[in-house]
Amino acid sequence: MSNASDFIIENGVLKKYVGPGGDVVIPEGVTTIPKYAFTCENITSVTIPKSVTSIGEYAFYDCDLQGEFTIPDSITVIPKAAFYQCTGITKLNIPVSVKTVSEYGFAKLDKLTDVYYAGTKAQWSNVVIEDHNTAFLNAELHCIDDHQHSYNSIVTSNATCK
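Calculation criteria
Residues numbered from 1 in each chain as written. Predicted model: local features only at pLDDT ≥ 70, side-chain atom pairs only at ≥ 80, totals over all residues. Heavy atoms only, no water. Helix = DSSP H or I, 4+ residues; strand = E, 2+ residues; numbered from the N terminus. Buried < 20%, exposed > 50% of the residue type's maximum accessible area, 1.4 Å probe, protein only. Pairing = 2+ DSSP bridges.

### A look at unusual backbone geometry
Here comes step 1: In this model, Tyr58 sits at a positive phi of 60°, which is unusual for a non-glycine residue.
Here comes step 2: Position of Tyr58 among the secondary structure elements: in the loop between strand 6 (54–55) and strand 7 (67–70).
Here comes step 3: If you check the backbone angles, His132 has positive phi at about 65° while not being a glycine.
Here comes step 4: What makes His132 partly exposed here is its relative accessible area of 42%.

### Examining the sheet that holds strand 8 (residues 77–78)
Here comes step 1: The strand order across the open sheet formed by three strands is 8-10-12, and the pairing between neighbours is parallel. Of all strands in the sheet, those bounded by a partner on one side alone are strand 8 and strand 12 (128–129).
Here comes step 2: Pairing of strand 10 (residues 100–101) with strand 12 involves two bridges; the strand directions are parallel. Opposite Thr100, over in strand 12, you have Val128 as the bridge partner.

See below:
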């Protein structure tokens, strides 16, 4: 878990992470994560607050993030190489607010198996995904309209009384 001394923050801009690594929680109130803000040694997870509206190019470049990673719904663009070579990410949660994944935005995510999109397949088709996001595109996509069930599809047999 992070504390305030782990970050250099000026006017809402997280200039640099200087903590020991592990599970990093970016403080609420940070609005921008600029280019190369994280050097990422020993960082296994990062929680980004909804106050963050901008992530810079290469912000999490080569981080050893592990498991599931969630993009907050305050983000609209995944910039160039923002999560390049974060090889431990296995699942990504992408909000409807994301409209563009720039080139190399999610490149070299070697263990990525699933992308969970908070919108419909029709909405997903409008997301611009630029070149060099092969692992991202090869992961299984899950949209909110993948598993909708009606009452009739859930009830499989008539009830009986004994």
